[in-house]
Amino acid sequence: MEHLGDYDTIVVGAGVTGIVASVAAARAGARVLLVESSGILGGLITGGRLTKPTGIVQPGVYLELIERAAAYGGADPNVQASHWGTYSGVFDTEVMQRVIIETIEEAGVEVLLFAHVTGAIKEGDRVRGIELHTKAGPQLATATTVIDASGDGDLAALAGVDFMYGRPEDGHVQPMTSYFRILNVRFSELAQDCRDHPADMRELVIPDGADQNNDDYVLKFYMAGFEQRIADARADGFDWIIPKTHLHMKAGLLPGELNVNATRVQGNALDPWTRTKAAIEVRKQAYCAFDFLRKYVRGMESAIFLDVAPVLGVRETRRIEGDYVLTENDVRSEARFADAIGLSNAPLDIHEPGGEGGAMIGVNSGYGIPYRCLLPRGVEGLLIAGRCLSVDSGAFASTRNTPACAITAQAAGIAAAECARRNITPRELPADIVQKALSEIGTSLGDGA
């Protein structure tokens, strides 16, 4: 088996979490290998068209990416208000891909795409590296510290870490989805249709001064709703095959471009047959939603179906059991922790597991995320960041959102570099060393200080 090299830090997964963690570690002086099974950098924020952060993006790599995209004319970094709280940093996917490439190259991160992690290299209870399978066959890489940013906790599971899955009462998880994109939308008519039906809107954002020109709506228009419209269409005989009662739509960078989130597939995304079925089913549902929009919504009469996002939106799978399990009560009560590594105001964003409904519940000033949530129980040399964080099923509805994922990623990257410098494990690293580095870049820690 070929040895690719010995690194300070290996990061598994190149979604937003892996990008942030690898750049943060490299900037802190670590030699970093970033490994990704697909050929796409950015994961859901690029290939999945998840371009509207649900919450305020804290200072760090993610915010820098958004600001760089804005400099290219491909993002709106301003803070926006919602009924549940505030968020920032709407962007275009391809511009984001561009600035990710620029940023990781400037940081000196080594990137290996099309590489599937097949095993964890361990010495006793300590992770020392990863086994990979590539087109060249089996390979391995070693490191002082490894960060699991895979979303599904794949490496942690291979390393024998205990994990949680689904709601305690029934085991159900939040459903899978995919955005789809349409062109040639007449935004002024769509906006007026939404205004004319306020009771059917869960949320509506129309930019001030927007008129007949589609340019006025670029990266700014957003709506969630049409629950009554969908119900009326079904009563009218329309074959609505989607197990969801409403939809979300946001303007893209192209004038007349609309990104739609309407699809929903329930099931365990860790099962390959279920995941395959979902990838096909979301397309069938996207075609259904497009037909609905063309028939029942003004401004859509001449719309053109462009594409379905190439990366399947998996919302929930494994949650690692860490030294601390963040709870829904912590999130709702604006908890503060002495070892907090970031303050998250991401709402409880719930797509009903096993059902058709959903809810967005604000968390006011936000809650701190403890460093201990990054430390998997019983295993050394491994940090967890992003969606597979150590949280309960209720808290997960908030921490799965990209601003919270980026908070944990920034901390994990810094911690990994510091561990390499000191030749210690993440559990041996005092949290205040990470906190100091985060404070220096302007991060609000959520430590109650």
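Every value quoted in this text rests on a predicted model; they were computed, and no experiment measured them. (Residues numbered from 1 in each chain as written. Predicted model: local features only at pLDDT ≥ 70, side-chain atom pairs only at ≥ 80, totals over all residues. Heavy atoms only, no water.)

1. Overview of the side chain of glutamine 285
Here comes step 1: With respect to the helices and strands, the residue glutamine 285 is situated in helix H7 (residues 272-296).
Here comes step 2: Residues within four places of glutamine 285 in sequence aside, it is in contact with Ile241, Ile242, Pro243, Thr263, Arg264 and Val265. (Helix = DSSP H or I, 4+ residues; strand = E, 2+ residues; numbered from the N terminus. Contact = heavy atoms within 4.5 Å.)

2. Let's talk about the domain arrangement of the protein chain
Here comes step 1: Each assigned domain of the protein chain is listed here: domain 1 (2-168 + 315-441) and domain 2 (179-308).
Here comes step 2: On a C-alpha basis, the centres of domain 1 and domain 2 stand 29 Å from each other.
Here comes step 3: With 30 residues of domain 1 at the contact, the number on the domain 2 side is 26 residues.
Here comes step 4: Regarding the contact of domain 1 and domain 2, the summed buried area is about 2,200 Å², with carbon and sulfur atoms giving 46% of it.
Here comes step 5: Three residues stand out in domain 1 for area buried against domain 2, namely Arg49, Lys52 and Glu356, and they jointly supply 30% of the buried area on that side.
Here comes step 6: Where domain 1 packs against domain 2, one counts 3 salt bridges.
Here comes step 7: We note a salt bridge from aspartate 152 to arginine 275, for which the minimum N-O separation is 3.2 Å.
Here comes step 8: The interface formed by domain 1 and domain 2 includes 16 residue pairs in polar contact (both at pLDDT 80 or more). (Domains from an automatic or database assignment. Buried area = accessible area lost by both parts, 1.4 Å probe. Salt bridge = Lys/Arg side-chain N within 4 Å of Asp/Glu carboxyl O. Polar contact = N/O pair within 3.5 Å; in protein donor to acceptor, adjacent residues only side chain to side chain.)

3. Details of the environment of alanine 235
Here comes step 1: By the secondary structure assignment, alanine 235 is in helix H6 (residues 227-235).
Here comes step 2: Taking the C-alpha atoms as reference points, alanine 235 and leucine 4, 231 residues apart in sequence, are found 60 Å from one another.

4. Describing the environment of proline 77
Here comes step 1: Here proline 77 is to be found in strand S3 (residues 75-81).
Here comes step 2: Sequence separation of proline 77 and valine 90 is 13 residues, and the distance between their C-alpha atoms is 6.5 Å.
Here comes step 3: Other than its neighbours up to four places away in sequence, proline 77 contacts Ile66, Ala70, Ser88 and Gly89.

5. Let's talk about the nonpolar core
Here comes step 1: Among the nonpolar cores identified, the biggest contains 72 residues, and Tyr62, Ile341, Tyr371, Leu374, Leu383 and Val434 are the most heavily contacted of them.
Here comes step 2: Beyond its immediate stretch of four places on either side in the chain, leucine 374 contacts Ile341, Leu382, Leu383, Ile384, Leu389, Thr408, Ala411 and Ala412.
Here comes step 3: Val185, Cys194, Met300 and Ala303 belong to the second-largest nonpolar core, a separate cluster that totals 36 residues. (Core = buried A, V, L, I, M, F, W, Y, C linked by side-chain atoms within 4.5 Å. Buried < 20%, exposed > 50% of the residue type's maximum accessible area, 1.4 Å probe, protein only.)

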